[in-house]
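Letter by letter, the chains look like this.
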Amino acid sequence: MAEMTDDIAEEISLQGFEDDCRLLGNLLNDVLHREVGPEFMEKLEKTRVLAQSACNMRTAGIEDTAELLEKQLAAMLSKMTLEEALSLARAFSHYLNLTGIAETHHRVTKAQSSAQLSKSCDDTLNQLVQSGVSPDELYNTVCKQEVEIVLTAHPTQINRRTLQYKHIRIAHLLEYNDRPDLGHEDREMLIEDLVRELTSIWQTDELRRHKPTPVDEARAGLNIVEQSLWRAVPHYLRRLSIALKKHTGKPLPLTCTPIKFGSWMGGDRDGNPNVTAKVTRDVSLLSRWMAIDLYLGEVDNLRFELSMNQCDVKLKKLAREILEKDKLLEDRHENRSPRPDWGQYKSHNSNHPPPLPSQLPPGAGLPSCAGNDVKHYPRLDLPGSEFMPFNREDSQDSLIFKDSTHDTKKDSVKTNGDSNLDNNNSGNNASSALTPSFSSSQLLAQRKQFAESQIGRTSFQKLLEPSSSHEPGIAPYRVVLGDVKEKLTKTRKRLEILLEDLPCEYDPRDYYETSEQLLEPLLLCYNSLQSCGSGILADGRLADLIRRVATFGMVLMKLDLRQESARHSETLDAITQFLGMGTYSDWDEDKKLDFLTRELKGKRPLVPPTIQVAPDVKEVLDTFRVAAQLGSDSLGAYVISMASNASDVLAVELLQKDARLAVSGELGRPCPGGTLRVVPLFETLKDLREAGPVIRKLLSNDWYYEHIVKNHNGHQEVMVGYSDSGKDAGRFSAAWELYKAQEDVVAACNKYGIKITLFHGRGGSIGRGGGPTHLAIQSQPPGSVMGTLRSTEQGEMVQAKFGLPQIAVRQLEIYTTAVLLATLKPPKPPKEQKWRNLMDEISKISCTTYRNTVYENPQFLAYFQEATPQAELGCLNIGSRPTRRKTSTGIGHLRAIPWVFAWTQTRFVLPVWLGVGSGLKGICEKGHGQDLRAMYREWPFFQSTVDLIEMVLGKADIPIAKHYDEVLVSESRQELGAELRRELLTAEKFVLLITGHEKLSGNNRSLRKLIESRLPYLNPMNMLQVEILKRLRRDDDNNKLRDALLITINGIAAGMRNTG
């Protein structure tokens, strides 16, 4: 229930939390009284009181009374009409969401009010210095740290984006409510604002009516950058720099950024046919467009701020060159394209020129920074195939530099002056007879040419901005930043043309392609301010912008590509068959490696231009072409899911090389950027065990070794998957196999002198490898985190960890400090071989129990389908990809997310604990209980694994899971459910035995209290879901019933604080 926020481990103020919950709950009650009436509110309150009473009885250990009350509650819910059930589900769902907002708010408040915050940069650096790490070693380690957080579009974010924004607004209002200087009238207005937000939320449809497209998902990721990370990153880097200077005597270098961001949104095509080569290209361009758009706003603010005249010689010289260039262009334009004689078009009766605009555009009289205040709601307008965004104060610039290929209708600039001119012409017969040598189309063309000319641009621009002197001694920073703004505007315009799939020929000197080009003038301004004694100005907004450029580059987040290994084999099958070489996938591994290595060493393309292939194969080839066109400046890694052999990696290297050769030949120049890193993803139990041997095989290949050293700086990246391994073997066994696989991969790379970065494919829930970031990193094998780390953040976790700037800053600190500690003070390995042997034995028993139940028991699949809402999850429209990789109905091809999601809904959370009880029991019964307790105390990996399982067991609810079985499961499969509940009790018993806790989550009172606070709303939601499922399975076509079910799914996900 607190999985997504446990990274911030501080105890929250429960009193303040309860006060805010009471405030929001009372206000929502007032809204509901008005919206649904007092009669329904009586039923709602009776439901809540019954649920609360049952919870109190269970807490007190009075099980019989609790069971009686729960039966009474279930009976009452079963008698509700469909409309009443729908309203109750909606109301309780909103209560649970409001509780989550209050919890997050108080975690932020606690973090801000702490004098010495645990896991902060200051705290951790102090801890390391005190432990004997030298200041120089500490400084160098921080500066060399490379952490990349990769945001993914995994379908686990249950809330619509509209509701997410409204929740953010409520969080802002709670923050405002905490101000001590708030007067009575201000507080009343704040309450009114809260009521407005709650009314708006109630009147908003909670359900997505259509599946998002991959581009929609990418926009959501980009909005996280705009609404939160854009502000959080400079703040985080300032905190790190201050702490570093305090403890080492040196601040963080200005362009050094220990954390960057990547994305899978629009690049992850594994099992998702909706992610095409065109989608990847468009998303990459869209990301660039937003980066430029954000930089434009920051440069505008800087131009207003840096009004001083004093500068160094280099900046003065650059400013003079810019002014001379502008004057030269203006003179050249006047000589080549004289201003059109508009007098010949005016009325014969008029002796006056056309009037100037009588009304300036909105905001034209304000300073250029006035429109760039941070807004509560992020801007959602992004360029698309038929949409051109011109809604910002700086958008006039983008109107000016339009390409001549654009539609005249789109490009026309309409001011009041133009319209008056048109009215004068149309209002007089004489004026409508134009000079014979000019047709109407010629007039339009000349007007368009004038608007696009330098003269036209500056004429209009002079109305918007104060005139600048041609002397570079006057505000040289504004001159230089004005040139930066002009280039950024042209860069944005070029991207809009490319997004429209129109031909675009811009002089490369007129736009920015790389972050180095943008950094050059900014660093020149920074150094000038420093040399003139204005360091206090340099280290403000300008330093923040430089750090943003260093972190986000020109793309905000580099896009990874991901595809399943089998798709590459199918592509090579088509090629080898076309060439008459046989079928690639039929060859053994050695033959594949020989063929791939030979082709990689060759210089000719492999794929003939005339080849005809199936659509699926063509899509793979098109993806590699797009990758070649975009290059490593825009794209990150190419991840191969379900990788199992060295040939899987070389196959991608060959297809990548071939595409780059073809594209380079067409362009007549080398492809942009370098080749993409190829990253094998080991996911299943079998593949994890083979990960080390596969990497050894790869690095022993002479072509591959030279390629890694030459093109990737002797750096190998390997991804390990937590989701599919957990579904394959159970969470405990998967955790141990992942640990051993990482040890083996690190040893393989060390043998060949290759640096390793491990990429952790973690999900949001513990069943898919989620959990507190700091705990996870601190429990990795020694030597596996040597200053570098990549990790995914998925679905609802993206909003939870990075949706608010204050939370995002804290998360970035936690990533930095955890990696720093793991690098300089690696976690302890197993103390003795005996501990590893015990882990092997527990893992074996646990895996056997898990697989015997999930894969070998013929009754289990039917039980799973009856006892959970798994079949109905597909109607949620929360992701663009299908819930299954293939059309098979078995567990094997079901994706890990719906597998975990379904069990989370029933509060059984089976994937996390199934098999754990049997494994621990088997070892304890052999007399190793004391050994397990020692392992828990002294081995971080074992301790974190057990703690996470304990956390989930604390959220599991046997009476609720039993209720699902009794109502929904066939009598013949009831006993299977009873067996599983007994296994859950066994897991609880032996986890408590090992930890020494009296109760589950006994070491986290705050977590237990938070869980208990939700139960009066969560328990009725589960019972209501059971009732709706029962009705829906008798009346499958009832859309209102289906809506009610989906709302209960939303509500339970909100109460559990995670989905899949």
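Residues numbered from 1 in each chain as written. Predicted model: local features only at pLDDT ≥ 70, side-chain atom pairs only at ≥ 80, totals over all residues. Heavy atoms only, no water.

Draft legend 1. Quick look at the overall build of the protein chain. Secondary structure assignment for the protein chain yields 43 helices and 8 strands. In the protein chain, which comprises 1060 residues, the proportion classed as buried is 59%. Of the contacts formed within the protein chain by residues at least 6 apart in sequence, a portion of 84% connects residues at least 24 apart. Approximately 43200 Å² of the protein chain is accessible, and the part contributed by carbon and sulfur atoms is 50%. (Helix = DSSP H or I, 4+ residues; strand = E, 2+ residues; numbered from the N terminus. Buried < 20%, exposed > 50% of the residue type's maximum accessible area, 1.4 Å probe, protein only. Contact = heavy atoms within 4.5 Å. Areas by Shrake-Rupley, 256 points an atom, 1.4 Å probe, with all protein chains shown as cover.)

Draft legend 2. Highlighting a negative patch on the surface. Residues Glu185, Asp186, Glu188 and Glu192 make up a contiguous surface patch of negative charge. Locating glutamate 185 in the fold gives a position in helix H8 (residues 184-202). You can call glutamate 185 exposed: its relative accessible area is 63%. (Patch = residues over 30% accessible without salt bridge, like charges linked within 9 Å, V, L, I, M, F, W, Y side chains within 5 Å. Salt bridge = Lys/Arg side-chain N within 4 Å of Asp/Glu carboxyl O. Lys, Arg positive; Asp, Glu negative; His and termini not counted. Charge placed at Lys NZ, Arg CZ, Asp CG, Glu CD.)

Draft legend 3. Main features of the packing of helix H5 (residues 121-130) against helix H32 (residues 805-824). Put simply, H5 and H32 touch, their axes get as near as 9 Å, and they point 10 degrees apart. By the angle between their directions, the pair H5 and H32 is classed as roughly parallel. Relative to H32, the crossing made by H5 is left-handed. Counting all contacts with H5, which are made through Cys121, Thr124, Leu125, Gln127 and Leu128, the residues of H32 involved are Glu813, Thr817, Leu820, Leu821 and Leu824. Across the contact of H5 with H32, the residue classes tally to 6 nonpolar, 3 polar and 1 charged. (Axes fitted to C-alpha atoms, helices over the stretch in contact; angles between N-to-C directions. Parallel < 35°, antiparallel > 145°, perpendicular 65-115°, else oblique. Left-handed = near helix turned anticlockwise from the far one by under 90°. Nonpolar A, V, L, I, M, F, W, Y, C, P; charged D, E, K, R; others polar.)

Draft legend 4. Up close: helix H18 (residues 476-499). Compared with an ideal rise of 1.5 Å per residue, which puts 24 residues at 34 Å, H18 spans 35 Å between its outermost C-alpha atoms and is within 8% of the ideal. Taken across its 24 residues, H18 has 22 buried, putting it largely inside the fold. In the stretch just after H18, aspartate 501 is the one whose phi turns positive, near 60 degrees. (Expected span 1.5 Å × (residues − 1).)

Draft legend 5. Examining the pattern of salt bridges more closely. Under the criterion given, the structure shown has 61 salt bridges. The salt bridge involving arginine 179 is made with aspartate 181; its shortest N-O contact spans 2.8 Å. Among the residues examined, aspartate 181 registers a relative accessible area of 52% and is labelled exposed. Between aspartate 300 and lysine 485 there is a salt bridge whose closest N-O contact spans 3.2 Å. On the criterion of sequence distance, the pair formed by aspartate 300 in helix H10 (residues 277-305) and lysine 485 in helix H18 is long-range, its members being 185 residues apart. Overlapping salt bridges bring together Glu148, Asp560, Arg677, Glu717 and Arg790 as one network.

Draft legend 6. Region of the structure containing a nonpolar patch on the surface. A cluster of nonpolar side chains, namely Phe578, Leu579 and Met581, defines an oily patch on the protein surface of about 240 Å² accessible area. Residue methionine 581 is classed as partly exposed on the basis of its relative accessible area of 32%.

Draft legend 7. Representation of the sheet that holds strand S7 (residues 755-761). Around the barrel, 8 strands lie side by side as S1-S2-S3-S4-S5-S6-S7-S8; this closed barrel has parallel pairing. In this sheet, adjacent strand axes meet at a mean angle of 25 degrees when their direction is disregarded. Pairing of strand S1 (residues 146-152) with strand S8 (residues 788-794) involves 7 bridges; the strand directions are parallel. Paired with isoleucine 149 across the bridge in S8 is serine 791. Contacting S1, strand S2 (259-263) and S8, H32 crosses the sheet at an angle of about 145 degrees to S8. (Pairing = 2+ DSSP bridges.)

Draft legend 8. Here's a closer look at the pairing of strand S4 (residues 635-641). Buried residues dominate S4, accounting for 7 of its 7 residues. Examined bridge by bridge, strand S3 (residues 558-564) and S4 share 5 bridges and lie parallel to one another. Residue pairing for S4: leucine 559 is matched across the bridge by leucine 635. Of the pairings in the sheet, the one linking S4 to strand S5 (residues 677-682) comprises 4 bridges and is parallel in character. Bridge pairing links tyrosine 638 to valine 678 in S5.

Draft legend 9. Structural detail: the confidence of the model for the protein chain. Across the protein chain, the average pLDDT comes to 84, with 82% of residues at or above 70. Every residue in residues 338-382 is under pLDDT 50, and counting partners more than four places away or in other chains gives 78 contacts. Predicted confidence for residues 384-438 stays below pLDDT 50, and this span has 106 contacts to residues more than four positions away or in other chains. (pLDDT = per-residue confidence, 0-100.)

Draft legend 10. Local environment of the packing of aromatic side chains. Applying the stated criterion across every chain yields a total of 29 aromatic pairs. Plain terms: the ring middles of phenylalanine 92 and tyrosine 1017 are 5.4 Å apart, the flat faces sit at 85 degrees to each other, and that makes the pair edge-to-face. Linking phenylalanine 92 in helix H4 (residues 82-113) with tyrosine 1017 in helix H42 (residues 1005-1032), this pair joins segments that are 925 residues apart in sequence. Taken together, the aromatic side chains of Phe860, Tyr863, Phe864, Trp899, Trp903, Phe908 and Trp913 make up a single cluster linked through ring pairs. (Phe/Tyr/Trp six-rings, centres within 6.5 Å; stacked < 30°, edge-to-face > 60°.)

Draft legend 11. Structural detail: the pairing of S5. With 5 of its 6 residues buried, S5 lies for the most part within the structure. Handedness of the β-α-β unit built from S4, helix H24 (residues 646-667) and S5 comes out right-handed. One ladder, built from 2 bridges, connects S5 with strand S6 (residues 715-721); its direction is parallel. Pairing of leucine 681 across the sheet is with methionine 719, part of S6. (Right-handed = clockwise from strand over helix to strand, strands pointing away.)

Draft legend 12. Structural detail: H42. Compared with the 40 Å implied by 1.5 Å per residue over 28 residues, the 39 Å span of H42 between its first and last C-alpha is a close match. In the structure, H42 departs most strongly from a straight axis at leucine 1015, where the bend amounts to approximately 55 degrees and where the proline proline 1016 lies between one and four residues downstream. Among the 28 residues that make up H42, 21 are buried, leaving the element largely enclosed by the rest of the structure. (Bend = angle between axes of the 7 residues up to and from the residue.)

Draft legend 13. Region of the structure containing the environment of glycine 267. Checked against the element boundaries, glycine 267 lands in the loop between S2 and H10. Taking C-alpha positions, glycine 267 is 9.5 Å from threonine 623, a pair spaced 356 residues apart along the chain. Contacts of glycine 267, omitting those with residues within four sequence positions, involve Val275, Thr280, Leu559, Asp560, Leu561 and Arg562.

Draft legend 14. Structural detail: the side chain of glutamate 1027. You can see glutamate 1027 is positioned in helix H42. Once residues within four sequence positions are removed from consideration, glutamate 1027 is found in contact with Leu77 and Ser78.

Draft legend 15. Seen up close, unusual backbone geometry. The backbone of aspartate 501 sits at a positive phi, close to 60 degrees, despite the residue not being glycine. Relative to the helices and strands, aspartate 501 is located in the loop between H18 and helix H19 (515-531). At methionine 642, a residue that is not glycine, the phi angle is positive and equals roughly 55 degrees. Among the secondary structure elements, methionine 642 is positioned in the loop between S4 and H24.

Draft legend 16. Structural context of the environment of glutamine 563. Along the polypeptide, glutamine 563 turns up in strand S3. Glutamine 563 sits in the buried class, given a relative accessible area of 5%. Here the alpha-carbon distance between glutamine 563 and threonine 623, two residues 60 residues apart in the chain, equals 10.0 Å. When near neighbours in sequence (up to four residues on either side) are disregarded, glutamine 563 contacts Arg269, Asp270, His568, Tyr638, Val639, Ile640 and Ser641.

Draft legend 17. Spatial organisation of the packing of helix H3 (residues 63-78) against H42. Between H3 and H42, the shortest axis-to-axis distance is 10 Å and the interhelical angle comes to 45 degrees. When the interaxial angle is binned, H3 and H42 end up oblique. H3 and H42 meet at a crossing whose hand is right-handed. Across the interface between the two elements, Glu70, Leu73, Ala74, Leu77 and Ser78 from H3 touch Pro1020, Met1023, Leu1024, Glu1027 and Arg1031 from H42. Each residue belonging to the contact of H3 with H42 can be placed in one class, and the counts come to 6 nonpolar, 1 polar and 3 charged.

Draft legend 18. Inspection of the environment of isoleucine 897 at higher detail. In this structure, isoleucine 897 sits in helix H35 (residues 896-905). Take isoleucine 897: its relative accessible area is 3%, and that puts it in the buried class. In this structure, the C-alpha to C-alpha distance between isoleucine 897 and serine 723, residues 174 residues apart in sequence, is 7.7 Å.

Draft legend 19. Spatial organisation of the side chain of serine 944. On the secondary structure map, serine 944 appears in helix H39 (residues 940-955). Within the local environment of serine 944, its side chain forms a polar contact with the side chain of serine 779, the two groups lying 3.2 Å apart. If we skip the residues at most four places from it in the chain, serine 944 touches Leu775 and Ser779. (Polar contact = N/O pair within 3.5 Å; in protein donor to acceptor, adjacent residues only side chain to side chain.)

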